[in-house]
Number of protein chains: 2
Amino acid sequence: MVQVAVLGYGTVGSGVVEVIEKNQQEISKRAGSEINVKYVLDLRDFPGDPIQEKVVHDADIILNDASVDVICETMGGIEPAYTFTKKALMSGKSVCTSNKELVAAHGPELIRIAKENNCNYLFEASVGGGIPIIRPLNNALTAERIDCVMGILNGTTNYILTKMEREGADFDEVLKEAQALGYAERNPEADVEGYDACRKIAILSSLVYGENVKYESIYTEGITKITPADFAYAKQMNKTIKLIGISCNNEDGKFAMVAPRMIGTESPLNCVQDVFNGILVHSNMLGDSMYYGRGAGKLPTASAVVGDVVDCVRNLGKHIGCIWDAKDAVLSDIGAFKQQYFVRAEGDAAARKAEVEGAFGEVSVVECPAVSGEFAFVTGKMSEDAYKAAAAKVSGIRSMIRM
Amino acid sequence: MVQVAVLGYGTVGSGVVEVIEKNQQEISKRAGSEINVKYVLDLRDFPGDPIQEKVVHDADIILNDASVDVICETMGGIEPAYTFTKKALMSGKSVCTSNKELVAAHGPELIRIAKENNCNYLFEASVGGGIPIIRPLNNALTAERIDCVMGILNGTTNYILTKMEREGADFDEVLKEAQALGYAERNPEADVEGYDACRKIAILSSLVYGENVKYESIYTEGITKITPADFAYAKQMNKTIKLIGISCNNEDGKFAMVAPRMIGTESPLNCVQDVFNGILVHSNMLGDSMYYGRGAGKLPTASAVVGDVVDCVRNLGKHIGCIWDAKDAVLSDIGAFKQQYFVRAEGDAAARKAEVEGAFGEVSVVECPAVSGEFAFVTGKMSEDAYKAAAAKVSGIRSMIRM
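A brief structural summary. This is a predicted model, so every value here is computed, not measured.

**Topic: the interface of chain B and chain A**
- The interface is formed by 47 residues belonging to chain B together with 47 residues belonging to chain A.
- Counting the contacts that link chain B with chain A gives 2 salt bridges.
- Linking E26 of chain A and R145 of chain B is a salt bridge whose minimum nitrogen-to-oxygen distance equals 2.8 Å.
- At the junction of chain B with chain A, the criterion picks out 22 residue pairs in polar contact (both at pLDDT 80 or more).
- Those elements that place two or more of their residues in the side of chain B that touches chain A are α1 (11-22), α2 (24-31), α6 (134-140), β12 (287-294) and α12 (298-314) of chain B.
- In terms of residues, the side of chain B that touches chain A owes the most to one element, α12 of chain B, which gives 8 residues.
- In terms of residue class, the side of chain B that touches chain A is built from 23 nonpolar, 12 polar and 12 charged.
- Two strands pair when backbone bridges link them, and strand β12 (residues 287-294) of chain A and β12 of chain B are joined in this way by 5 bridges, in the antiparallel orientation. Looking at the pairing, M290 of chain A lines up with Y292 of chain B of β12 of chain B.

Put into structure tokens, the structure is as follows:
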């Protein structure tokens, strides 16, 4: 019997308790040992809740109990989660977390402490909710040189974009609906401005490079400026618009960014709809592989935390390798990142194509009967800097979406 | 430095050597130790090949060399692979394989022998080529109760079906093209009759149930009877046709089968095109998750074998748990398996609907201008036995595809 403590009895924390109870049989069989929740740390009491007897308000009771081998940190935020996690790892207790803020901010340090104390700091739930993506990168694609990871990493924005596409609706309108349905927070900034996706691509980038990528250094753009007209153009091109976190490691350098992109039907990400997440990995032997599922939600996220607990139980006293090094990764200037661009501009294609090509080189005009008083074109592959320079030479550019 | 031997220098075996050489740096970093190919067993010599000095013709040289810790079995077929694998595991050498015939035939015995000798028998490459699917089932979805696995498990048939859909071409015609391009074998039976997919779903079923599923006990149907008209109907229903291996564990029992199915756009499997494979797993906490990538090919398959080697190196002297038990799973009679059916029949819908509904209960007729002299309908959810009984009462049924 392995004793587990849960820090924080919120959505994910209560989910962890529910998963361990509901799937007790499967979990014990896979872990090779029974798993028991001995403590739940929370500021609140939960009278009438099955776990009421297990609630403690003082973390030290857990940290000082030698019988506790694994801790699920489902508090979220940096403090006090950071302090509790450090203390736990230093005392040889493994920690499994869904806390992407903490992993993105202090991942390599906590992994190092776990290694020094022959225990583990696992964070499958911090990216892609219940989708196994940390494990494939860490333990499955180990014979691969990964050159690109790009993913739909935020369910709220994917839900909004999917609805905008289907209903031709405005961003604000769909956001209000999503908030009413509880799919978006009352303060949606972290989702719609791409901050959540940014922390997740920072974590994935660190695992791909084996070096530490600071989320603050990642260029991030949200979806608030996407309009029904953009989707009308996308449809003409047999594409859709997704908020994509991308991390590339190619001959031009190491690049990471979060931005909306036009995604064609040739990409499996094109099919990732509603609240689902999908992470596409490109590596030199396998080529494309994709991992798809629910990127959020109480039980999917809790399931990933408990999957980490099972891993810890299978490896008690043994550190599972992780290539995420504390050494800071040197990201290249995003200005050198090459891609194509979809651009909307005032006026008429026939009249302005020559002017546009004077600045951008050859472009392909996108016809879209649904939109009037403007035209749109797709550039060749060019760097962000080259795009900016060209765009500065052309008047009346209304918007740009990367491809 | 860990010494590895490769049994069989064919497509996958030579791929293993290539992957280990090309991604040496990444692999050593992840394995925590350098990996060296010491021997290659083959009946042939390979003069001029970089590995010519490593070629041996006698397996005992490898089995008796205590310095060899991990063996890659890429020979295929039951014998002599079975005998070599048993001897290797008994002497404490871990074995990584792409040999689905052997895994499907003797998996649980070989896993048991590995366990008894504190080594491992790993077979990620036996299903889905380079796609991590064995690992997610074994090591990631450990907190889940899995109730259904369904997948596109054979790249050759998916390539054929994708081409038939795009070009409205006949099966025979597309098969010939696929053979010319090397995507299909000269003797295509194992692929087009579903035997290959059958072995793969048998392996996945065993991992889902934790009991041994004999591939001989799985109902298997191929794609040779699929016609352009079927795709015309599918298009009308906004669906496509895929060869699906399915394994369910629900209130009606345990069911496994391989058959063509109509797959709608609501399923991520609908987007799996060409030679790609996709495996959709449904479990009680996460819901749907999908694993997508190249299900065959020299380097993707070899990469999965080498990924297993890395796992063995990380766990030298330690058996990684696997819930595949030798106990035979008791599969329910497929006759009790419930699903919907797409049925084509002679004559005219208006004239025959009443007769059809007399036998099948309420059905929805599928209009398809492209096909004349017949009509088609979709039944409600009913068991295979109930379908057969109803079909026997209706004259002129031309074909049926499950949904």
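From this point, the narrative continues.
**Side note on the nonpolar core**
- With 166 residues, the main nonpolar core has Y121, I160, L204 and F342 of chain A together with Y121, I160 and L204 of chain B as its most contacted residues.
- Among residues more than four places away in sequence, those in contact with I160 of chain B are F171, V174, L175, A178, V192 and I223 of chain B.
- Of all hydrophobic cores here, the second largest spans 36 residues; its members include L280 of chain A together with L269, L280 and F337 of chain B.

**Description of the pairing of strand β2 (residues 35-41) of chain A**
Residue and element names in this part refer to chain A.
- Of all the 7 residues making up β2, 5 are buried; the element is thus mostly covered by neighbouring parts of the structure.
- Note: strand β1 (residues 2-7) against β2, 6 bridges, orientation parallel. Looking at β2, one finds that A5 is bridged to Y39.
- Bridge count between β2 and strand β3 (residues 55-56): 2 bridges; the pairing is parallel. Paired with L41 across the two strands is V56, which belongs to β3.

**Considering the relation of the copies chain B and chain A**
- Rotating chain B by 180° and moving it 0.0 Å along the rotation axis overlays it on chain A with an RMSD of 0.0 Å. Given the turn and translation reported, the copies of this chain are related as if by a two-fold rotation axis. Across chain B, the smallest distance between a C-alpha and the rotation axis is recorded for Y291 of chain B, namely 2.6 Å.
- Interface overlap between copies: 100% of the residues of chain B at the interface are likewise at the interface in chain A, consistent with a symmetric, same-surface contact.

**Concerning the state of the cysteines**
- Considering all chains together, one arrives at 1 disulfide over all chains under this definition.
- In this model, C271 of chain A is linked to C271 of chain B through a disulfide, with the two sulfur atoms separated by 2.0 Å. On the S-S bond that ties C271 of chain A to C271 of chain B, the torsion sits near -115°, and the link is left-handed. Placement of C271 of chain A in the loop between β10 (253-264) and β11 (276-283) and of C271 of chain B in the loop between β10 (253-264) and β11 (276-283) is noted, with the two residues assigned to different chains.
- Between C72 of chain A, a free cysteine, and C96 of chain A, which holds the nearest cysteine sulfur, the sulfur-to-sulfur gap is 5.4 Å.
- Of the residues examined, C72 of chain A reaches a relative accessible area of 0% and is grouped as buried.
- Between C148 of chain A, a cysteine without a disulfide, and C248 of chain A, which holds the nearest cysteine sulfur, the sulfur-to-sulfur distance is 3.1 Å.
- Accessibility expressed as a relative area gives 14% for C148 of chain A, which makes it buried.

**Notes on helix α14 (residues 384-393) of chain A**
All names here are of chain A.
- Along α14, the residues classified as buried are E384, Y387, A390 and A391. When α14 is viewed along its axis, its buried side chains cluster within an angular range of 125° and face the same direction. Every exposed residue of α14 that faces more than 90 degrees away from the buried side is listed here: K388, A392 and K393.
- At its buried positions, α14 is contacted by β10, β13 (338-339), β14 (341-346), α13 (349-360), β17 (382-383) and β18 (397-402).

**Side note on the environment of S289 of chain A**
- Mapped onto the elements of the fold, S289 of chain A is located in strand β12.
- On the accessibility criterion, S289 of chain A (0% relative accessible area) is buried.
- Distance from S289 of chain A to I279 of chain A, taken between C-alpha atoms, is 8.3 Å for residues 10 residues apart in sequence.
- In this structure, S289 of chain A is in contact with L141, I279, L280 and V281 of chain A together with Y292 and G293 of chain B, ignoring residues within four places of it in sequence.

**Structural notes on the sheet that holds β2 of chain A**
Residue and element names in this part refer to chain A.
- The parallel open sheet is built from 6 strands, whose spatial order is β3-β2-β1-β4-β5-β6. In this open sheet, the two edge strands, each paired with only one partner strand, are β3 and β6 (121-122).
- Two elements, β1 and strand β4 (residues 68-73), share 5 bridges in a ladder whose sense is parallel. Note on β4: the bridge partner recorded for V4 is V70.
- Contacting β1, β2 and β4, helix α1 (residues 11-22) crosses the sheet at an angle of about 160° to β2.

**Looking at the pattern of salt bridges**
- One pass over the full model with this rule turns up 52 salt bridges over all chains.
- Measuring nitrogen to oxygen at the nearest pair gives 3.7 Å for the salt bridge that ties E109 of chain A to K86 of chain A. Taken together, the residues span a long stretch of sequence, with E109 of chain A in helix α5 (residues 100-116) and K86 of chain A in helix α4 (residues 81-90) at a distance of 23 residues.
- Classification of E109 of chain A as partly exposed rests on a relative accessible area of 23%.
- D65 of chain B is paired through a salt bridge with K38 of chain B; the nearest N and O atoms lie 2.9 Å apart. Here the residue D65 of chain B occupies a position in the loop between α3 (59-63) and β4 (68-73), and K38 of chain B occupies one in strand β2 (residues 35-41), the gap between them amounting to 27 residues.
- With a relative accessible area of 12%, D65 of chain B lands in the buried category.
- Several salt bridges share partner residues, and in doing so they unite E124, R135, D308 and D311 of chain A into one network.

**Remarks on unusual backbone geometry**
- Here the residue pair E79 of chain A and P80 of chain A is connected by a cis peptide bond, since its omega of 5° sits within 30 degrees of zero.
- Position of P80 of chain A relative to the elements: it lies in the loop between β4 and α4.
- One non-glycine residue, N118 of chain B, lies in positive phi territory at about 50°.

**Digging into the packing of α1 of chain A against helix α12 (residues 298-314) of chain A**
Residue and element names in this part refer to chain A.
- Two numbers describe how α1 lies on α12: the axes approach to 8 Å, and their chain directions differ by 65°. Accordingly, the angle class assigned to the pair α1 and α12 is roughly perpendicular. Pair α1 / α12 crosses with right-handed handedness. On α12, the residues that touch T11, V12, S14, G15, V16, E18, V19 and I20 of α1 are K298, L299, T301, A302, S303, V305 and V306.

**A look at the packing of aromatic side chains**
All names here are of chain B.
- Under the counting rule described, the total for this entry stands at 22 aromatic pairs over all chains.
- Arranged with centres 4.6 Å apart and planes meeting at 70°, the rings of Y159 and Y183 form a pair that is edge-to-face. You can see Y159 sitting in helix α7 (residues 155-167) and its partner Y183 sitting in the loop between α8 (171-180) and α9 (189-192), a full 24 residues away along the chain.
- The class of Y159 is buried, set by a relative accessible area of 8%.

**Some words on the side chain of N23 of chain B**
- With respect to the helices and strands, the residue N23 of chain B is situated in the loop between α1 and α2.
- Assessed through its relative accessible area of 0%, N23 of chain B is described here as buried.
- Not counting the four nearest positions on each side in its chain, N23 of chain B is found in contact with A143, E144, R145, N284 and M285 of chain A.

Criteria and thresholds
- Residues numbered from 1 in each chain as written.
- Chains lettered and ligands numbered in written order.
- Predicted model: local features only at pLDDT ≥ 70, side-chain atom pairs only at ≥ 80, totals over all residues.
- Heavy atoms only, no water.
- Contact = heavy atoms within 4.5 Å.
- Salt bridge = Lys/Arg side-chain N within 4 Å of Asp/Glu carboxyl O.
- Polar contact = N/O pair within 3.5 Å; in protein donor to acceptor, adjacent residues only side chain to side chain.
- Helix = DSSP H or I, 4+ residues; strand = E, 2+ residues; numbered from the N terminus.
- Nonpolar A, V, L, I, M, F, W, Y, C, P; charged D, E, K, R; others polar.
- Pairing = 2+ DSSP bridges.
- Core = buried A, V, L, I, M, F, W, Y, C linked by side-chain atoms within 4.5 Å.
- Buried < 20%, exposed > 50% of the residue type's maximum accessible area, 1.4 Å probe, protein only.
- Least-squares fit on C-alpha atoms with pLDDT ≥ 70 in both.
- Disulfide = S-S within 2.5 Å.
- Arc of directions from axis to C-beta.
- Axes fitted to C-alpha atoms, helices over the stretch in contact; angles between N-to-C directions.
- Parallel < 35°, antiparallel > 145°, perpendicular 65-115°, else oblique.
- Left-handed = near helix turned anticlockwise from the far one by under 90°.
- Phe/Tyr/Trp six-rings, centres within 6.5 Å; stacked < 30°, edge-to-face > 60°.

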